[in-house]
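# Report on the structure
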Amino acid sequence: MHREPGPVAAATPAATMASADPDVALMLRVQAGEQAAFQELFRKYSPRVLQYVRRMLASDARAEEVTQDVFVQVFRFRGRYRPESRFSTWVFTIATNLCLNELRRPERQLRVDLWDDRATEGRREGPSLADPAAVGPEEGTSARELSERLDAAIRQLPEKQRAALLLSRIDGLAYADVASALGCSEGAVKALVFRATQSLKAAVREFL
Amino acid sequence: MRCGRARRWMAAALDDELTVRRRRALDRHLARCAACRDEMAVSGRLAEALARLPMTAEVPAAVEQATLRRVRLLAADQGERALWLRVFVPALATAGIVVLAVLGTLRLPSGRPEVRSGTRETTAARRAEKPVAVAEASRTARPARHGRPPGPPPALAAAPELFVDLPLLHNMEKLEHFDAIRMTTLDDDTSGDARQSNG
Amino acid sequence: MRRVLLVALLGLALGGASAARGQSRAWDQLTPEEQWKAWQNYQRYQQIPEPKRRLLDQRFEQFRALPPAEQQRLRQRYEEYQRFDPAQRQRFEEKYRRWKAGRH
C-alpha cells in the first residue's frame, strides 16, 4: 500500500520546504495570519481527521466536536509548527492527543448518557453492524459487511493499538510519523500494529 | 525459521519493508509451511480490506462554519490582546499623564493676572472637559470582549450556570448519595469500599 | 436560649438563600471556557426529550437552593467521580444500580 515517505530532513530552509510541500506553504501563511490559508488546510484535512476521530471515539456527534477542537488547536498553536515536520503528522498528533484525552475522561460517559434519552435514539453511532447470526461465509459476505465487521473490530481495540493501526494502515503515515504522533518509538508502533492486526484477524478471519 | 518469527515478518513483507535477505528466508519458510502460507494469505486479504476502508468522511458545513467562527474569535482575541499591549497601554499611560497635568494646572493659585477673562474661562472649561474626554476616550478605546462564543439565546442567557453544571446535574442522585453508594456491597466484594472506608 | 437558636437558624437560612442566589452568575460573568462549555451543553440539552429536560431544570433549582457548603460538597464529589479510572467507574456504576434497586 502507498505510505507517505518518512519525516522530512531537518535543517532545510522553510522556503525550500514550502516549495516542496504545499501544506508547509499553507501553514507558513497561517502563521503569518492568513485565515484563507487556514480554511484551505481545513478543507483539505478535515475529511481525513473526522474519519480518524470517528473511528477512534466511535461516536459521530463527539467526533465532529473533537474535529473542530483539532483545528482550533492547529490555529491556536500555529506558532509552534515547525516546517521540518510534515503537516499531516502534526495534525494527526493533535488529533490523537485529543482523542486519547477524550477516551480517558469519565465525563465522556456522561455525554454518552446524555444522548441515551435522545428522541433520535434509533440513530446508531458509527456504521451499522451486520447481524452476526445472519451473516456467514457460506452466504457470500459482501465487501460492505466485511468493512462493517472491521470497523466494529477496530472499535474494540485498545486505544493505542487502534490509533497505531488507523494511522499506519488507513491514513498511510510512515511508522516514524506514527511514533511521533503517539509519542513512542518506531519499534513500539510496529508492536502495536502487529497486536492490532492479530486481533483483527481473529475477529474477521471467517470473512476474509 | 520458526513460525513465530515468520508471522512477525509478514507485516513488513506486505509493506515491502523486509530486507532482501529476510524476504528470502521468509519465502523459504512459506514454501515448507502450509499454516504460515495460509496466515500470509489472510494477512494479505486483511491488509487489502483495511486499505479499502474509507479514509475520509464528509464534513458537515456546520462543522466548518463553527470551526472558522471559533478561529476568528480566537484570532480577534489574540490580536486584541497584542493590540492592547502594543497600543492601548501606552495610550492609557499618555492619557494618565495628560490628566495629571491638567489637574495640576487647575490647582494653580487664583491670583494669576487674567489676560482675557472670557478666554481664561473658556480655556479652563475646555481643560476641565479634557480629562473627561480623555477618560471617555480611554474607556471607548478599551477593547470589547472577544474570544467568547456568540451571544446566547434567551434560554441559555436566563440560566447559564444550569448549562455549565449540566453533567453534574445529570449525576445529581449519585452525588447526593455518593457515600451510601460506595458502601454498597456487590456479590464479589471481598474487601469492598465499605471495609476500606471503615478501615 | 431557644430564641437565640431560632434567630440564628433564621439568619442561616436567609444567609444561605441569599448566598445561593448570589452565587447565580449572569452570562457575562462566566469565563470564556465556561461560556463555551455552557454553549456545548446547551446544544446537547436541546436534543434531550422534554421530560428529561424538565428533570434537569428541577435538579438545577434544587441545586441552587442548597447552601453553598452543600453545593461545594457536591462539586467535590463530582470532581472525585470524574477522577475514577474506567475500572473504578464501572464498579461504582454497578454499586449505584444495586443501591437504587435496594431503595425500591
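Now for a quick tour of the structure. (Residues numbered from 1 in each chain as written. Chains lettered and ligands numbered in written order. Predicted model: local features only at pLDDT ≥ 70, side-chain atom pairs only at ≥ 80, totals over all residues. Heavy atoms only, no water.)

Here we take up the overall build of chain B. What chain B contains, in helices and strands, is 11 helices and zero strands. Shown N-terminal to C-terminal, the secondary structure of chain B runs as helices and strands in the order α-α-α-α-α-α-α-α-α-α-α. For chain B, buried positions account for 34% of its 199 residues. Pairs at least 24 residues apart make up 56% of the contacts formed inside chain B by residues separated by at least 6 positions. A total of about 12200 Å² of accessible surface is found on chain B, and carbon and sulfur atoms cover 55% of it. (Helix = DSSP H or I, 4+ residues; strand = E, 2+ residues; numbered from the N terminus. Buried < 20%, exposed > 50% of the residue type's maximum accessible area, 1.4 Å probe, protein only. Contact = heavy atoms within 4.5 Å. Areas by Shrake-Rupley, 256 points an atom, 1.4 Å probe, with all protein chains shown as cover.)

Moving on, we get to unusual backbone geometry. One non-glycine residue, A58 of chain A, lies in the positive phi region at around 55 degrees. Secondary-structure assignment places A58 of chain A in the loop between α3 (35-57) and α4 (60-76). Its identity is not glycine, yet D16 of chain B carries a phi of approximately 60 degrees, on the positive side. Relative to the helices and strands, D16 of chain B is located in the loop between α1 (3-14) and α2 (20-32).

With that settled, consider the environment of F75 of chain A. Tracing the backbone shows F75 of chain A in helix α4. A sequence separation of 45 residues divides F75 of chain A from V30 of chain A, and the C-alpha atoms of the two residues are 7.7 Å apart. Non-local contacts of F75 of chain A, meaning those with residues more than four positions away in its chain, are made with V30 and F38 of chain A together with V71, L74, A75 and Q78 of chain B.

All right, on to α1 of chain B then. Residue and element names in this part refer to chain B. If you check α1, its first and last C-alpha atoms are 16 Å apart, about what 12 residues at 1.5 Å a residue would give, namely 16 Å. For α1, the complete set of buried residues consists of A6, W9, M10 and A13. Projection of α1 onto a plane perpendicular to its axis shows the buried side chains occupying an angular sector of 135 degrees, all on one side. On the buried face of α1, the contacting elements are α2 and α3 (34-52). Remark: D16 follows α1 within two positions and exhibits a positive phi of approximately 60 degrees. (Expected span 1.5 Å × (residues − 1). Arc of directions from axis to C-beta.)

All names here are of chain A. Across all of its chains, the model carries 14 aromatic pairs over all chains by this definition. A centroid spacing of 5.6 Å and a plane angle of 80 degrees characterise the contact between F38 and F75, whose relative ring orientation is edge-to-face. You can see F38 sitting in helix α3 and its partner F75 sitting in helix α4, a full 37 residues away along the chain. Taken as a pair, F38 and F75 share a single burial class, namely buried. Between Y81 and F87, the ring centres sit 6.2 Å apart and the planes meet at 75 degrees, which makes this aromatic pair edge-to-face. Every member of this aromatic cluster is reached through a ring pair, and the members are Y45, Y81, F87 and W90. Lying across the ring of F75, R78 places its NZ or CZ 4.0 Å from the centre. (Phe/Tyr/Trp six-rings, centres within 6.5 Å; stacked < 30°, edge-to-face > 60°. Lys NZ or Arg CZ within 6 Å of the ring centre and 35° of its normal.)

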